[in-house]
Amino acid sequence: MRADPSSSYGSSTAITDLDIDALTHCASYLNLRGISNLAMSCKYLNKVAYSDSVWQSLYRQEWPALVPLSNQASSIREAYLSRHTAVRQFKYDDPLLHDIYITGKPPHQLLFDKDNIIFSQGPSIHSLQIDGLIYGDISCTPRGNHNARVTCMRLFSSSEVYLNQSDSERDDSILITSSNDHFVRLWSKGGNRCFKGHNGPVLTLSDKLLGDDTGKIFASGGEDGTVRLWSIYSSGKRGQHALKATLHGHDKAVSLMSVARHKTSLLVSVAKNGKVRVWDTMAASSSTRSSSCVGMTSVPFGPVGMKCHESLLYVAAGFSVTAVDLRTMHKAFTVAQKTKVHSFELLPTKSTLCTGGTGRAMLWDIRRVSEPTVELDGHVGPIKHVLVDSFKIVTGGPDDPYVNVWEANTGKHTNSFIASQPQTESGCSAMAVDGSRIVTAGAVDQETATLCIRDFRTATCYVSPDPSQESPFFSKFWDSNSGSDSEEVDWQ
């Protein structure tokens, strides 16, 4: 049956038939990414996206208590983008600051989960609710316990795990932890589960989920030299029915794992002796042993970090970071430095790699690895913690009371602050970053530790020198002469 051309389904009315004022009003309800997408669609909507009223609304949504400074040299759009960047680069002296004191040793692992901070302290897992931080209203609740020290924590959104969820359920998260007690545990609002199979301490968990929409799988690696694949959907006492496969091939403890990004059925594991194995988890089953191993290589002894991006694997060990092409298992390149690598992070969108050495970190352009782009100097002792996002690099270590912040693009130093308490001068035992927020952990004394939470969203006092005196935030998309239909967004 043909549609009636006169019906609404045959209407030729387009969004561009609306006048600018109407579209500007609609655009005022969008977030930054929505406005960016709107500006890329066509010249007419690009004009809407550059309207001052749209950016005024965006500014008020994000910082309702602040009024943009009037500056004839910059528009409200430029003022917004400048503050948006400065807040995420921690370029302020007056963040919202709160210290949480806890009994016992300092937490050794930290995760942000929206308005919650999850941390492990020995065998215990706790959760801090910080949505009332501005009022000093923070509650700490026990999440659960292992029977020995927690070795690894991974957080996955509920939407990654389960299908057919309501909007409220999609906002929930699934926490998976491993421990020296030989167990893996899953924690969620729907209940907790225990997975038993390793014959020794479980040291690491996969950084991503494996499998398709019909069955999500995660992996664990242990002191027993095995890699085990577990189904999140399966049930049973102590997870007997959840164990899908046990992969043999390592002769030493499995210390790190990462899922390949170009083919998410591939799992990479590395043992403490530097032996690397690549597994095809789709081919793995309970009846196979090492037949699902599809690639092998080796790196220096004692790997400290591993990441996959697209078809490349990056492994930090000894004095270098080695990149391996997972399609051929040939080494693509090596980044080498004079001091031991204690940590590393990768920011592929900017072709940037950051290594933590002793006393300083190194920023590398992975397209030119003969020497570091920038040396991030100013630390004491080994840099065990490196966190990187599109805006900043954050570095810290257990022997240094200060945490340093650097611009991701240039390596320019933007801020330093105490990890725990000024009077203790203890170092940073763990840290986590979420946009404009950071939490650091350290010792107060032998019996007390502290979590220091900083939120820069309401900060107003720039760290000297004032970044407003520098060249304005630059972007290919938000250039003042923008207006082309074919222009691409350079926004993170």
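Our subject in this report is the structure included herewith.

About the cut-offs
- Residues numbered from 1 in each chain as written.
- Predicted model: local features only at pLDDT ≥ 70, side-chain atom pairs only at ≥ 80, totals over all residues.
- Heavy atoms only, no water.
- Helix = DSSP H or I, 4+ residues; strand = E, 2+ residues; numbered from the N terminus.
- Buried < 20%, exposed > 50% of the residue type's maximum accessible area, 1.4 Å probe, protein only.
- Contact = heavy atoms within 4.5 Å.
- Salt bridge = Lys/Arg side-chain N within 4 Å of Asp/Glu carboxyl O.
- Pairing = 2+ DSSP bridges.
- Phe/Tyr/Trp six-rings, centres within 6.5 Å; stacked < 30°, edge-to-face > 60°.
- Lys NZ or Arg CZ within 6 Å of the ring centre and 35° of its normal.
- Core = buried A, V, L, I, M, F, W, Y, C linked by side-chain atoms within 4.5 Å.
- Axes fitted to C-alpha atoms, helices over the stretch in contact; angles between N-to-C directions.

### Some thoughts on the overall build of the protein
Helices and strands together make up the secondary structure of the protein, namely seven helices and 33 strands. Out of the 492 residues belonging to the protein, those deemed buried represent 52%. Looking at the protein alone, contacts between residues at least 24 apart form 48% of all its contacts between residues at least 6 apart.

### Focus: the pattern of salt bridges
By the definition in use, this model includes 16 salt bridges. K307 serves as the salt-bridge partner of E345, at 3.3 Å between the closest nitrogen and oxygen. Of this pair, E345 sits in strand β23 (residues 343-347) while K307 is found in strand β19 (residues 303-309), placing the two residues 38 residues apart along the sequence. Note on E345: relative accessible area 17%, which makes it buried. Through salt bridges that share partners, D115, D434 and R437 make up one connected network.

### What to know about the pairing of strand β9 (residues 191-196)
Pairing geometry for strand β8 (residues 183-188) and β9, over six bridges, is antiparallel. Residue pairing across strands places W187 opposite N192, the latter belonging to β9.

### Observations concerning the packing of aromatic side chains
For the coordinates displayed, the defined rule picks out 11 aromatic pairs. Between the aromatic rings of W63 and Y80, the centroid separation amounts to 5.1 Å while the plane-to-plane angle is 45°, which identifies the pairing as tilted. Linking W63 in the loop between α4 (52-62) and α5 (76-88) with Y80 in helix α5, this pair joins segments that are 17 residues apart in sequence. When sorted by exposure, W63 lands in the same class as Y80, which is buried. Consider the rings of F195 and W230, whose centres lie 5.5 Å apart with planes at 65°: the pair is edge-to-face. Highlighted residues: F195 in strand β9 and W230 in strand β13 (residues 227-231), separated in sequence by 35 residues. Note on accessibility: F195 and W230 belong to one class, buried. Sitting over the ring of F183, R185 keeps its end group 5.5 Å from the ring centre.

### Some thoughts on the nonpolar core
Of all hydrophobic cores here, the largest spans 31 residues; its most connected members are W55, Y80 and V403. For this core, the elements supplying multiple residues, two or more each, are α1 (20-27), α2 (32-41), α3 (43-49), α4, α5 and β29 (402-407). It is α5 that contributes the most residues to this core, five residues altogether. With residues up to four places along the chain from it excluded, the contact list for Y80 reads L32, W55, L58, Y59, E62 and W63. Core analysis: the next-biggest nonpolar cluster, separate from the first, contains 17 residues, I102, I130, A449 and L451 among them.

### Quick notes on the sheet that holds β23
Strand order in the open sheet made by the four strands is β23-β24-β25-β26, with antiparallel pairing throughout. Of all strands in the sheet, those bounded by a partner on one side alone are β23 and β26 (374-382). Within the sheet, the average angular offset between the axes of one strand and its neighbour, ignoring direction, is 20°. Taken together, the five bridges between strand β24 (residues 352-356) and strand β25 (residues 358-365) define a ladder with antiparallel strand orientation. Bridged to T352 within β25 is D365.

### Things to note about the sheet that holds β9
What links the strands of a sheet is backbone hydrogen bonding, and the strands pair in either a parallel or an antiparallel sense. An order of β6-β7-β8-β9 is seen for the four strands of this open sheet, with the pairing classed as antiparallel. Among the strands making up the open sheet, the edge pair consists of β6 (150-157) and β9. Each strand axis lies, on average, 15° off the axis of its neighbour in the sheet, ignoring direction. The pairing of β6 with strand β7 (residues 173-179) spans seven bridges and is antiparallel. In the sheet register, F156 faces β7, and the bridge partner there is I174.

### Describing the pairing of β25
The buried fraction of β25 is high, at six of eight residues. The hairpin turn running from β24 into β25, its antiparallel successor, is one residue long. Two strands pair when backbone bridges link them, and β25 and β26 are joined in this way by five bridges, in the antiparallel orientation. Residue pairing in the sheet places T358 in a bridge with P382 of β26.

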